[in-house]
Every structure is written in C-alpha cells, then in structure tokens.
Amino acid sequence: MSHQAEFKVWRGDSDGGDLKDYTVEVNDGEVLLDVIHRLQATQAPDLGVRWNCKAGKCGSCSAEVNGKPSLMCMTRMNTFDPNETVSVTPLRAFPVIRDLVTDVSFNYEKARQIPAFSPPEGVGPGEYRMQQVDVERSQEFRKCIECFLCQDVCHVVRDHDDNKQAFAGPRFLIRAAELDMHPLDSRTDRAVFARDEQGIGLCNITKCCTEVCPEHIKITDNAIIPMKERVVDKKYDPLVWLGSKIGIRHD
Amino acid sequence: MSTLEKHSYDVIVIGAGGAGLRAAIEAREQGLSVAILCKSLFGKAHTVMAEGGIAASMGNVNSKDCWQVHFADSLRGGKFLNNPRMVELHAKEAADRVWELETYGALFDRTKDGKISQRNFGGHEYPRLAHVGDRTGLELIRTFQQKIVSLQQDDFAEFGDHEARLKVFAEMTVTELVKDGDAIAGAFGYYRETGAFVLFEAPAVILATGGIGKSFKVTSNSWEYTGDGHALALRAGANLINMEFVQFHPTGMIWPPSVKGILVTESVRGDGGILTNSEGKRFMFDYVPDVFIDQYAKTEAEGDRWYEDQENNKRPPELLPRDEVARAINSEVKAGRGSPHGGVFLDVSTRLSPEVIKRKLPSMYTQFLELADVDITATPFEVGPTCHYVMGGVEVDADTEETCVPGLFACGEVSGGMHGANRLGGNSLSDLLVFGMRAGTGAAEYVRGLGDKRPAASEADLEAAGKAALAPFHADAQARTGTTAAPENPYTVHTDLQQVMSDLVGIIRRESELTEALDKLQVLRVRADDAAVEGHRQFNPGWHLALDLRNMLDVSECLAKSALERHESRGGHTREDYPTMDPNWRGVNLVCRLIPGTDTMELIHRPVPTIRPDLLALFDRHELEKYLTAPELAVLDSPQSPSSVEGEQA
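Residues numbered from 1 in each chain as written. Chains lettered and ligands numbered in written order. Predicted model: local features only at pLDDT ≥ 70, side-chain atom pairs only at ≥ 80, totals over all residues. Heavy atoms only, no water.

Next up on the list: the overall build of chain B. Helix and strand counts for chain B come out as 20 helices and 22 strands. For 650 residues, the compact-globule formula gives about 26 Å, and the C-alpha radius of gyration of chain B, at 24 Å, lands near that figure. Over its C-alpha atoms, taken along the principal directions, chain B stretches across nearly 70 × 60 × 55 Å. When burial is assessed residue by residue, chain B has 66% of its 650 residues classed as buried. Here the contacts in chain B between residues at least 6 apart in sequence split such that 73% fall between residues at least 24 apart. Summed over all atoms, the accessible surface of chain B reaches about 21,400 Å², with 51% contributed by carbon and sulfur. For chain B, the centre of its 66 positive side-chain charges and the centre of its 94 negative side-chain charges are spaced 2 Å apart. (Helix = DSSP H or I, 4+ residues; strand = E, 2+ residues; numbered from the N terminus. Rg over C-alpha atoms; globule rule 2.2 N^0.38 Å. Buried < 20%, exposed > 50% of the residue type's maximum accessible area, 1.4 Å probe, protein only. Contact = heavy atoms within 4.5 Å. Areas by Shrake-Rupley, 256 points an atom, 1.4 Å probe, with all protein chains shown as cover. Lys, Arg positive; Asp, Glu negative; His and termini not counted. Charge placed at Lys NZ, Arg CZ, Asp CG, Glu CD.)

With that out of the way, let us pick up the interface of chain A and chain B. With 61 residues of chain A at the interface, the matching set in chain B holds 63 residues. Summed over both partners, the interface of chain A with chain B comes to about 5,200 Å²; 52% of that surface belongs to carbon and sulfur atoms. On the chain A side of the contact with chain B, A:Lys57, A:Arg112 and A:Arg142 bury the most area, a combined 16% of that side's loss. Here chain A is connected to chain B by 6 salt bridges. A:Arg76 is paired through a salt bridge with B:Asp373; the nearest N and O atoms lie 3.2 Å apart. Contributing elements (two or more residues each) for the side of chain A that touches chain B: helix H1 (32-42), strand E6 (96-98), helix H2 (105-113), helix H3 (132-142) and helix H6 (170-181) of chain A. Examining the composition of the side of chain A that touches chain B, we find that 5 residues originate from one element, H3(A), more than from any other. Taken together, the residues that form the side of chain A that touches chain B break down as 29 nonpolar, 14 polar and 18 charged. (Buried area = accessible area lost by both parts, 1.4 Å probe. Salt bridge = Lys/Arg side-chain N within 4 Å of Asp/Glu carboxyl O. Nonpolar A, V, L, I, M, F, W, Y, C, P; charged D, E, K, R; others polar.)

Turning our eyes to something else, we now look at the sheet that holds strand E9 (residues 183-191) of chain B. Sheets are built from strands paired through backbone hydrogen bonds, the pairs being either parallel or antiparallel. Residue and element names in this part refer to chain B. Spatially, the 4 strands line up as an open sheet ordered E1-E10-E9-E8, and their pairing is mixed. Of all strands in the sheet, those with a lone pairing partner are strand E1 (5-8) and strand E8 (172-180), marking the two edges. When strand polarity is set aside, the average angle formed by the axes of neighbouring strands in this sheet is 25°. (Pairing = 2+ DSSP bridges. Axes fitted to C-alpha atoms, helices over the stretch in contact; angles between N-to-C directions.)

Attention now moves to the packing of aromatic side chains. Per the counting criterion, the structure on display carries 17 aromatic pairs over all chains. Seen from their ring centres, A:Tyr108 and A:Phe148 are 6.0 Å apart, and the 80° between their planes marks the pair as edge-to-face. Here A:Tyr108 is found in helix H2, whereas its partner A:Phe148 is found in the loop between H3 and helix H4 (149-153), with 40 residues between them in sequence. A:Phe148 gets classed as buried once you look at its relative accessible area, which sits at 4%. Between B:Phe292 and B:Tyr296, the ring centres sit 6.0 Å apart and the planes meet at 90°, which makes this aromatic pair edge-to-face. (Phe/Tyr/Trp six-rings, centres within 6.5 Å; stacked < 30°, edge-to-face > 60°.)

All names here are of chain B. Interhelical geometry of helix H1 (residues 18-29) versus helix H3 (residues 84-104) gives an angle of 75° and a closest axis separation of 14 Å. If you check the angle between H1 and H3, you find them roughly perpendicular. Here Arg-22, Ile-25 and Glu-29 of H1 come into contact with H3, specifically with Arg-97, Glu-100 and Tyr-104. Broken down by class, the residue content of the contact of H1 with H3 amounts to 2 nonpolar, no polar and 4 charged. (Parallel < 35°, antiparallel > 145°, perpendicular 65-115°, else oblique.)

The next point concerns the domain arrangement of chain A. All names here are of chain A. Under the domain assignment used here, chain A contains domain 1 (2-102) and domain 2 (105-245). Look at where the C-alpha atoms of domain 1 and domain 2 centre, and you get two points 31 Å apart. Listed per partner, the contact involves 15 residues of domain 1 and 17 residues of domain 2. Counting the surface lost from both domain 1 and domain 2, the interface buries some 1,200 Å², and carbon and sulfur atoms represent 54% of this. Considering only the surface of domain 1 that becomes buried against domain 2, Pro-69, Ala-93 and Phe-94 emerge as the three largest contributors, covering 42% of it. Viewed at the interface, domain 2 and domain 1 are joined by 6 residue pairs in polar contact (both at pLDDT 80 or more). The set of elements that each furnish at least two residues to the side of domain 1 that touches domain 2 consists of strand E3 (62-65) and strand E4 (68-71). (Domains from an automatic or database assignment. Polar contact = N/O pair within 3.5 Å; in protein donor to acceptor, adjacent residues only side chain to side chain.)

Before going further, it helps to examine the pairing of E9(B). Both faces of the sheet carry side chains from a regular strand, because those side chains alternate between them. All names here are of chain B. Burial of E9 is extensive: 9 of the 9 residues sit out of reach of the surface. As judged from the 8 bridges shared by E8 and E9, these two strands associate in the antiparallel manner. In the strand pairing of E9, Leu-177 is matched with Ala-187. Hairpin geometry of E8 and E9 is characterised by an intervening segment of 2 residues between the two adjacent antiparallel strands and by a positive phi of about 65° at Gly-181. When E9 meets strand E10 (residues 197-201), the two strands line up antiparallel, connected through 5 bridges. When the bridges of E10 are listed, Gly-186 appears paired with Glu-201. Connecting E9 to the antiparallel partner E10 that follows it, the hairpin turn spans 5 residues, and Gly-195 within it adopts a positive phi of roughly 80°.

A word on the pattern of salt bridges. All names here are of chain A. Taken as a whole, this structure holds 82 salt bridges over all chains when the rule is applied. Arg-142 is the partner of Glu-178 in a salt bridge, and the nearest nitrogen-oxygen pair spans 2.6 Å. Of this pair, Glu-178 sits in helix H6 while Arg-142 sits in helix H3, placing them 36 residues apart in sequence. With respect to class, Glu-178 is no different from Arg-142; both count as buried.

Moving on: the packing of H1(B) against helix H11 (residues 427-450) of chain B. All names here are of chain B. Running from N to C, H1 and H11 point in directions that differ by 40°, and their axes come no closer than 7 Å. Overall, the two elements H1 and H11 adopt an arrangement that is oblique. The two elements H1 and H11 cross, and the hand of that crossing is right-handed. The segment H1 lies against H11, with Gly-18, Ala-19, Arg-22, Ala-23, Glu-26 and Ala-27 engaging Leu-432, Leu-433, Gly-436, Met-437, Ala-439, Gly-440 and Thr-441. Classifying every residue of the contact of H1 with H11 gives 7 nonpolar, 4 polar and 2 charged. (Left-handed = near helix turned anticlockwise from the far one by under 90°.)

Let's shift gears to unusual backbone geometry. Between B:Trp255 and the following residue, B:Pro256, the backbone shows a cis peptide bond with an omega angle of -5°. Examined against the element boundaries, B:Pro256 turns out to sit in the loop between strand E13 (246-253) and helix H6 (267-270). Although it is not a glycine, A:Glu146 adopts a positive phi angle of roughly 55°. Structurally, A:Glu146 is set in the loop between H3 and H4.

Here it is, written out as structure tokens:
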C-alpha cells in the first residue's frame, strides 16, 4: 500500500530560507527518513540531511517534525494521518548550515569542558572490580546517542541564545552525573562543577528533555535532580555525597 | 591551487570508528601530532552499531579460556585462510586492550565477583564477549571520544590549545591520497559543510574507513560504508586481499521494508534464541557441516541443556559461525520453507522471560517494538541475511599494519587477513582495538624513522585531485557518450549498482553471473562518470554520492573478479558451481591491485602465510585433515617436523 503525502521541508542556509512544498510517495511500514531519502533521490538531490545508522542508534538524523524534536529514522509514517501535511525543519536551537543540517559544535565545546574520567590511583588495568548494580546507574546515562534533541528542546537555550555560554544543557548534565556515579571515578567535585561551570541552577525541571529522549533516559529524575540536591548539600555534608553513590530512583 | 587550505601533521587517520580512534590515541600518546578525518560527525561512526561485544579471552566467566583457544576458534572460523600472525597477536592482546578501556572510563556489564562479564557467541568455545547490554559498540566509541577529549584537555593544560596535537576534522571526506614518489605525502579531501578542498600533509596515513556494505542492496551498514579506504589504497598502489569474502550476517530485520537489513544481534541466539522455518522446524540441526560435527549438539534436547550446563553438553547449531547460518537460511527460503517476507523465524520468547529479554537485549526489544511494531518477548520475528562485513581488505604487515606503500597503514575492517574467509562475531571490536593500537605504533615508528625528511605533494597531483572531485558538476552526457540522453542521476546509478551486486555477487555465486556482473560494472562505470549533480558545493549529498560511487565501483570490481577466480566455497564465498572447500585453495590469497601506471586491475595468487608448528599443534590431527592438503599433512607427520618438538607456549 502506498499513497502520496504532502510535506513542507525547510530549505535554505545561514542566509535564510523557507518551507518548500513537496508531494512524496509513502509506503506501508516506512519511517520519515525513508521519505526524505525518496525526496532526495527523486526531486531534491541536493537536500542537505544528516543520517547514518537508520536504526535509532547513532543520533544523526535529528530534526523537528511538526515542531517536535525527533529522530527521523524513528518517526513512523503511520503515526500521521495520510491527509496531514508533515513539516520537517532543522533543530531550532542551533545555527543552520543548510536545509536540515545544523551546526552542533556547541555540544562538542561543552563536552570538552567536563573534566575527564579520573582513574583510581593504584588500581591497574584488569583490576577494576565493580558490582552490576553500581555500574547500572551510570550505564543509563551512557546509553545517550548524542542526538542532541534534549539540547534542542531545552528552553534554557532554545529561546535564549545568550544562556549558551553559562549552560551546558541536559546532555552534559547527565555526563556529569554519570561520572559522579561512576564507582571508580576518583574526583569528588562533579556536583560542584555542575553548579559552577555547567549552570545546573538554570534548569527548572520542566522535563522536556526527558520527554524527547529517544533512549528513554530519565534525564531529569535520575541525573539532574540528584545532582541539584548534591549541589546544595555536598559542601556541608560528605555523608550526603556517599549516600548518593548508593541509591537509585526507579519510576 | 595556491589558495588551497593546508594542514600539516605527523599522522593522518582517515576514519573515526573504533580502529581509527584507537590508532589516533596511540600515535598521540607517543608524542606525535595527529589529525582524525571523520566522514560524519564525531561519535557517529558505524562502530556504534556493534551490539554483541568484544571477544577477549579474559577467562572471567570460564577460567579455561585462554589466548590459544581464542586463536584456534578464530582460525577455525576463518577456515584456516587467516593470516596466522594477525590471529595470534589478536588473541594474545585483546584482553589487555579491553582492560585498558576501563581506565578510560568504560563501564562494562559485570560478573558477580565484579569483573567484566563475558557472553557466548557463535564460534567461540567459551563465553568470551565483554559487553554492555547490546550496545557495546556505542560504549566503545563514547569511551574513545572521551579519551580523546581527555588528551585534548592535557594538551590545553600544556600548550593552551586543545587541538595542539590532536584534532578532529568532522564531516570531512578524503577523495585521494597524495604521494611523493613511492611514499605517502598526505590526503586530499573536502569539507562536507562548505565543499571547500583541503590538503593534509603528513608522512603517515592510517586508513580506518570500515567496509563496503553500501554496494549491496540489503545491508546493515550505514551510508559511509562505500569502500573509501579500500579504493584509496588501491589507487595509491597498495594491495587488496581476500576481497571475495563478504559476510552476510544471518539475521537482519526483513520486515517492514524501512528496516530491511538492520541487524538483529547474534546475542539473541547466544542468549537462547532459536531459528525455525515455516513448518516450525528447528532446521539448523540439518546444516552442521562435517568440519564442525564434533563441536555442536545433535539433538534439540542437548542444545537446550547447553544453556544451563555448558561443561557437559554441546552448543546448539544456531551458534554455528555466521556463514553457515546465513547459507542455511538461504537454503530454507529457496526450498519454500521461508517466512512470509522471505526469511525465517527467530524466537527468543520461548526460552526467556519478558523481563530477562528486556534486560539482556534492550536495544533489540526497543528496535522491534518501535520500528516494526513487533514484541519480541511474545512472538517470533522474521529475519534474513544482510550484508554485514567484508573480510577482505588492504594487505598489511601483521605487526605494524603498514601496507606495501611506505607511510600507508590500515586497520580495522578496511584491512584484510585477520579474519580469513569468515569473521567470528565479537572479533571485529577486538580487531579494532588490537590493530588500531598497532597501526598507531607502526605509524609513529615510521615517522620517527624519517627524521626531518618529509615527503611533499606535487602541485600537479593536487590540481588533478581537485579537478576529479569537481567532475560531477560538469558531467556532460552528450560529450562523453555521444547521445542526447539526460545526464545520469547518481542515486539511480547507486541503486542499480546495489542491484547488480546483490543479484550477481551475493551469498550464492556462479560463474555465469559473476561474468555478467563484471560486464554490468563496466557499464555502470560509464554511467557513473556521467552522473551529474545539481546545486552548489555546500553540503550537497548528491555530489558526495557521485564521488563515493567511484570507490564503490572500484571495490565491487575487485570483489567480483576475486569471486570469479576462486573455484571453491569457503566461509563468506559460496560458489554453486564449486560447492566444496578445496584444500588446494586454502593456501591461496587472491591479491587485487592496479597494474602500475594503469587503471587496470589484476589478480595475482599469493601463498597464505604459513601457520607456525606450535600454533598448528593447537588442533587435532583429525581436524587439520579437513583443511590441509596431503603434502601439507605429510610435512606435519615427518619426524623432522618442528611440530613434534615443544613449540612456543607463551
């Protein structure tokens, strides 16, 4: 079964652009990225779009679909009414390079600012011992595929470009939490870093990031809120920090 | 090209997957300046798709495991065509490379006593794969990405510049290697973002570009897998070996069409999944080949018991090496016992509870639920073979990964020899680690050996490279073909190439079809030269594809030529007209290269490096009889044979 569907796709570059109308064939079982590829192969060979794995594992094909930050490879076409016009636009929080391709270098800069994993002293390669239950807390955050949808949706930076300097964004707050909860990371200042350098205080816990995460990481509940709590308490009470290394939230 | 952007480094690494990043880390840690050229964004390399794990004989789950068993499994899996030195280095060093990842911050799943957990996989005698659920590749890439950031932070502390000695050039495609005489002088490419050309001057170039899957219609590979490194090496004068050996992973998704080819990890079978045909039969018991008859269960009951008690039972044949399972599925479908969409059924729901499936195979569970609307905890699902990996690749020295072109190195999937005729699951990620590091060391030693002598690219070569890269903007169908037809669309040429390769050079091959494929590839070459692109140079996928097409065609020709030449069936090369494994072909590597000074490819036969007697001694004589020729066995049996004396047992 196939039908012709209407699309509005943003075309342009850093100098500006607009939505262009396209009519493209859609077949049963397809995802939006299939349709974008068909559009590229048949009508718009120079349509700029990023993609790699087409299986929701690399986080390359991020775009806004009807205004919602989404992975195009995970957006099934049967979730739309066949008569609906679907709009596809580039991520709004980042500068456009061309068409659906944006400049995401902001994220790589923020990644570089976080102090790296600090190996425990006196523990050689092959001697690391950790319990599954302890590594699982950080493993949740290491599922992140860096699609940057959380960075795009977060209104701390989405509508306030000037906050980008001070705020690292949800993706890198979970990186801080991941290192903080790593059973063998030898640094103890991850939460302080999140407060002083990553601007965790700017987050007001609206959970938009959690909602768009294709990996279903509980960004707010399992990373940001515990980190915020530690930011408040940590300086005064090392027991709170210790406690934070033991429990985990499930919901 | 006076305005050409130029950068100078000691080492250029082309490719930012596991092998490239490990090589870059090594060269940088040895004090050299390194640039990583990455076709996609940093961190998106195809390695992230690897699911099952990293094979390394750490012995954390079964203490009987050791490098010798890993060596034997890999050689057996590769049907004794592997470069034995590479297999030895790989088996010996993989564990250290995995442990090293923990010092970079990797978090593997754990055993009860807190060590790295290891899982079963096809062809591996013991549980051997270090893993993180079913997203091990992502963990590997992220770990390396973060290690690179940490090295950059060190450089910032020392030089005030993060990129003083290690820089990633993302969305950068290399179109040509440049040389000074015989030696490598650098790499020429373009920024995808702007289309601007750039020259990287470097005495050492490490190719780590991955595979070739995009030449096939059904593949688990991403768009980047266009055989760039294979083609760059070939054009620079290096040799490709074993190109006829292509691994079709037995279990790709086949329905709905949008997911066709996407991988279903072997862990599904390692953790208890069974394969059935349309009659509900577990058909794999009918497909255990003679060479494996002693290692696999003969009844369903024994196979089932193995999951609980591996000491006293043999493993089920669902866990045969990938080539065997792919051929079996192909045969079942051909015999009319396939599933509705042309595959077979894989079922994990009968043996594992929904909770266990979700914990052990979380990505698989999500992948099927979200992409295919199938709940694998409740029902069987359809799978079929998908082009997954090329065993063949650039011929390298086993210890240093240097090619026959001075200064040119290769590691990871783009290199050849390690996996012989068929790669075992899990041996790819360990290959990346072991040979990535070795390539980094090899390149560092080469550069240090040069002293101040740096090769330089010639202006003429740069002009030519620039002109070739811009050709698709000027394609003129009329001038080239003498017809008034419209210029070719690169997307159409690509689709047609995939059809030719899948139909004529696929899982089962025969002489007439391979000859036909070679004819059709020549026609496709002419069409590719006429492929024209619209628009401008800024992030223009049509242009990028037109350039990648040339690489895909070079590699496809090597593949078809080699497949036509090898008159036997072995591992990832099955000839319907030569259906058995022939010991006389066991010792033959087919080398594909350009005749110097021409664009013409030639194939030469070269002996596979000899297996050292102490390594041969790891196998039963009975097993060796299945692989070796009578004269080879006679040498083995002669009283002077070194194998009868104590061999090296490190």
